[in-house]
Amino acid sequence: MRLEDFMNKSISSWMREEGPHSDIVLSSRIRLARNFSDETFPMLASEEQLERIRETIETNYGNQTFQSYKNFSYVSMSDLTAVGKSVLIEKHLISPHLIKKQKRGSGVLISENEQVSMMVNEEDHLRIQLYFPGFQLHEALKEANAVDDWIESKIDYAFDETKGYLTACPTNVGTGMRASVMMHLPALTITKQLNRMVPAINQLGLVVRGIYGEGSGAVGNVFQISNQITLGKSETDIVEDLNSVVHQLVERERHTRSELMNNSKIQVEDRVFRSYGVLEHSRLIGSQEASTCISNVRLGIDLGIIKDVSQNILNELMVLTQPGCLQQYAKSALKPHERDQLRADIIRERLQLEN
Amino acid sequence: MQCQECEERQATLHFSQTINGEKKEIHVCEKCAKDKGYVTYPGEDMHTLHNLLAGLFNFDQESMKPTAQHEKLTLKKDLECPECSMTFTQFKKVGKFGCATCYETFSSHLDPIFRRVHSGNTKHNGKIPKRKGSNLHTKKQIETYKEQLQELIKREEFEEAAVIRDKIRALQADKEAGEES
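Please read all numbers here as calculations on a predicted model, not as lab measurements.

## Regarding the overall build of chain B
Here is step 1 of the chain: If you tally the helices and strands in chain B, you get 9 helices and 2 strands.
Here is step 2 of the chain: Along the chain direction, N to C, the helices and strands of chain B fall in the order β-β-α-α-α-α-α-α-α-α-α.
Here is step 3 of the chain: Buried residues in chain B amount to 29% of all 181 residues.
Here is step 4 of the chain: For chain B, the computed accessible surface area is about 12,500 Å², with 49% contributed by carbon and sulfur atoms.

Set out below in structure tokens:
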């Protein structure tokens, strides 16, 4: 398959669209944890119960279209190869937890443009997730609510007057909502400002972590910022709080970028062009090095140091150079050094597409 | 010193064991200590957020005191969910509920946990599902109207207040009708 075709298949279409502040905010996400009212939560549910939940979701919502989210298709985890599963994780359509604790009847319902995905029988019966490109938390919340109402029209949710939506983990009870944004913060990372800001962000009930969620380190200066508290605050208030922190981070990042350009232009240029050189010429590249270089090049594009390369390259290569995606491209399992070679090839080829 | 178990590697762990008053010195390497069960290493899982959380849930005074007598006491009155048979002790260990009914079963113990995890909050203040919460919607609406009513009376805007009062009456009638059917 040609790289272009593979890219078209591997990169979710919503990801290609530009959103507000997309030079810094890569995506906005709302996730809702929901459970059926009369079924045991997946951890203790019997196989029949798990199957019943899967069937309800698959028959009622599979092959359906809701507003602009067309043709939801259901993918069962038991039908997927290991590579197929990691591709879904790398595209953030499922969580690693769904695989690690794979249950009977676990799967995911995905809209055609991959903007909406619903995990079935993960920690909760349903995890509804909705992505928007750039910084659009309010829009994402509005749409997530609409999808949630659509699901609720046929399913009785586990809900309690005082405790709200009941979830398997006490950390999700109440709204069951996790709002998050993915941010590219190279300037705040280089100047070590982010580390100092994290405690203050935590105090507001928000968490900063790496891109693959809980327990993952930051890769390529990309961070995920999300709410920790789900009980006692309304969805809008939670989103509003996150919104204002993200706004501040965007401002700070922009400010620091221009300061860097004013005070250490040559150092920034050196960093950017070295990375560009590595991406353009390396024949073997590990994922860590690739992410760092991609981040630097993207910074170079944002600052106008590198011209004629599209901004989207970061989002694209971040997905394409992950182990699962590489192996899907190669159509076979690859050893780490084979992956490093293919990764270097793909990056070079992707950069050529620009010229 | 050589490891007394494998007699190959260097002994890095040294401790003494007293069984029936008889004291025994033990010198083993790390591998044997682990294999023979002299020491237990917390698995990777111990570091996950959930375990950390599960640790946090171990809050109540009784289980803090590790005396045998207290253990017996807590065991005896351990709450068990009638729906999924999860016990409160189990819940504290895994940090997850087994089903929606667990929330009711363990309700008397949960608020301190919620307060800890959610910055002092214990009450939901967000979305209410459309179908399942239709009664609740009415209730909330009545509450809002009542607040408005108080405000209007204070400002002596009685005509407006009468309108709101009628709205409350209508909603209450709807609600009662809904409850009866």
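From this point, things continue past the structure.
## Re helix α13 (residues 323-330) of chain A
Residue and element names in this part refer to chain A.
Here is step 1 of the chain: Listed in full, the buried residues belonging to α13 are G324, C325, L326, Q327 and Y329.
Here is step 2 of the chain: On its buried side, α13 packs onto α1 (3-10), α4 (82-90), α12 (313-320) and α14 (336-354).
Here is step 3 of the chain: Two residues or fewer after α13 comes K331, characterised by a positive phi angle close to 60°.

## Quick notes on the pairing of strand β1 (residues 25-34) of chain A
All names here are of chain A.
Here is step 1 of the chain: The element β1 is largely enclosed, with a buried count of 10 among its 10 residues.
Here is step 2 of the chain: Pairing geometry for β1 and strand β8 (residues 177-184), over 7 bridges, is antiparallel. Opposite R29, over in β8, you have S180 as the bridge partner.
Here is step 3 of the chain: Judged from the 8 bridges that link them, β1 and strand β5 (residues 126-133) form a sheet pairing that is antiparallel. Looking at β5, one finds that R31 is bridged to Q129.

## Re the packing of α13(A) against α14(A)
Each pair of packed helices gets described by two things: the angle between the helix axes and the distance between those axes.
All names here are of chain A.
Here is step 1 of the chain: Contact pair α13 / α14: the axes reach a minimum separation of 10 Å and the direction vectors enclose 85°. As far as their axial angle goes, α14 and α13 are roughly perpendicular. Taking contact as the criterion, the partners of P323, L326, Q327, Y329 and A330 in α13 are, on α14, R339, L342, R343, I346 and E349.
Here is step 2 of the chain: Counted by class, the contact of α13 with α14 contains 6 nonpolar, 1 polar and 3 charged residues.

## Description of helix α10 (residues 265-281) of chain A
All names here are of chain A.
Here is step 1 of the chain: Under the 1.5 Å per step criterion, the end-to-end length of α10 is 24 Å for 17 residues, consistent within 8% with the ideal 24 Å.
Here is step 2 of the chain: Considered for burial, the residues of α10 that qualify are V268, V272, S275, Y276 and L279. Down the axis of α10, the buried side of the element spans an arc of 105°, and every buried residue falls inside it. When the buried face of α10 is taken as reference, the exposed residues oriented beyond 90 degrees from it are I266, Q267, R274 and H281.

## Things to note about the interface of chain B and chain A
Here is step 1 of the chain: Counting from both sides, the interface comprises 35 residues of chain B and, opposite them, 41 residues of chain A.
Here is step 2 of the chain: For the pairing of chain B and chain A, the buried interface totals around 3,400 Å² over both sides, and the portion due to carbon and sulfur atoms is 60%.
Here is step 3 of the chain: Interface area lost by chain B to chain A is led by H118(B), H124(B) and K127(B), which between them contribute 21%.
Here is step 4 of the chain: One can count 7 salt bridges joining chain B with chain A.

## Concerning the side chain of R343(A)
Residue and element names in this part refer to chain A.
Here is step 1 of the chain: If you trace the backbone, R343 turns up in helix α14.
Here is step 2 of the chain: Take R343: its relative accessible area is 2%, and that puts it in the buried class.
Here is step 3 of the chain: A distance of 2.9 Å separates a polar side-chain atom of R343 from the backbone oxygen of I285.
Here is step 4 of the chain: Discounting chain neighbours no more than four positions away, the residues touching R343 are I285, G286, S287, A290, T321, P323 and L326.

## With respect to the packing of aromatic side chains
Any aromatic ring pair is given by two values, namely how distant the centres are and how the planes are angled relative to each other.
Residues and elements named next belong to chain A.
Here is step 1 of the chain: In total, this model carries 13 aromatic pairs over all chains according to the counting rule given.
Here is step 2 of the chain: Ring centres of F72 and W150 lie 5.4 Å apart, and the angle between their planes is 35°; on these two criteria the pair is classed as tilted. You can see F72 sitting in the loop between α3 (47-61) and β2 (73-76) and its partner W150 sitting in helix α6 (residues 137-152), a full 78 residues away along the chain. Summarising the burial analysis for this pair, F72 and W150 share the class buried.
Here is step 3 of the chain: Between the aromatic rings of F159 and Y165, the centroid separation amounts to 5.0 Å while the plane-to-plane angle is 70°, which identifies the pairing as edge-to-face.

## Some thoughts on the pairing of β2(A)
All names here are of chain A.
Here is step 1 of the chain: Only one face of β2 is covered, namely the one carrying Y74 and S76; the face carrying S73 and V75 has none of its residues buried.
Here is step 2 of the chain: Direction of pairing for β2 relative to strand β3 (residues 107-110): antiparallel, over a ladder of 4 bridges. Among the inter-strand pairings, S73 is bridged to a residue of β3, identified as I110.

## Quick notes on the sheet that holds β5(A)
Residue and element names in this part refer to chain A.
Here is step 1 of the chain: Strand order in this open sheet of 8 strands is β2-β3-β4-β5-β1-β8-β10-β9, and the pairing throughout is antiparallel. The sheet terminates laterally at β2 and β9 (206-209), the two strands that pair on one side only. Averaged over neighbouring strand pairs, the angle between their axes works out to 20° when direction is ignored.
Here is step 2 of the chain: The strands touched by α6 within the sheet are β1, β4 (116-120), β5 and β8, with β5 carrying the most contacts at an inclination of about 145°.

## Focus on the nonpolar core
Residue and element names in this part refer to chain A.
Here is step 1 of the chain: Counting residues in hydrophobic clusters, the biggest one holds 54 residues, and the most contacted among them are I30, M118, V147, I151, M183 and L249.
Here is step 2 of the chain: Beyond its immediate stretch of four places on either side in the chain, I151 contacts Y61, M118, L126, I128 and Y157.
Here is step 3 of the chain: Grouped together as the second largest cluster of nonpolar side chains are 41 residues, I11, I294, I301 and I346 included.

Here is what the cut-offs are and how they apply
- Residues numbered from 1 in each chain as written.
- Chains lettered and ligands numbered in written order.
- Predicted model: local features only at pLDDT ≥ 70, side-chain atom pairs only at ≥ 80, totals over all residues.
- Heavy atoms only, no water.
- Helix = DSSP H or I, 4+ residues; strand = E, 2+ residues; numbered from the N terminus.
- Buried < 20%, exposed > 50% of the residue type's maximum accessible area, 1.4 Å probe, protein only.
- Areas by Shrake-Rupley, 256 points an atom, 1.4 Å probe, with all protein chains shown as cover.
- Contact = heavy atoms within 4.5 Å.
- Pairing = 2+ DSSP bridges.
- Axes fitted to C-alpha atoms, helices over the stretch in contact; angles between N-to-C directions.
- Parallel < 35°, antiparallel > 145°, perpendicular 65-115°, else oblique.
- Nonpolar A, V, L, I, M, F, W, Y, C, P; charged D, E, K, R; others polar.
- Expected span 1.5 Å × (residues − 1).
- Arc of directions from axis to C-beta.
- Buried area = accessible area lost by both parts, 1.4 Å probe.
- Salt bridge = Lys/Arg side-chain N within 4 Å of Asp/Glu carboxyl O.
- Polar contact = N/O pair within 3.5 Å; in protein donor to acceptor, adjacent residues only side chain to side chain.
- Phe/Tyr/Trp six-rings, centres within 6.5 Å; stacked < 30°, edge-to-face > 60°.
- Core = buried A, V, L, I, M, F, W, Y, C linked by side-chain atoms within 4.5 Å.

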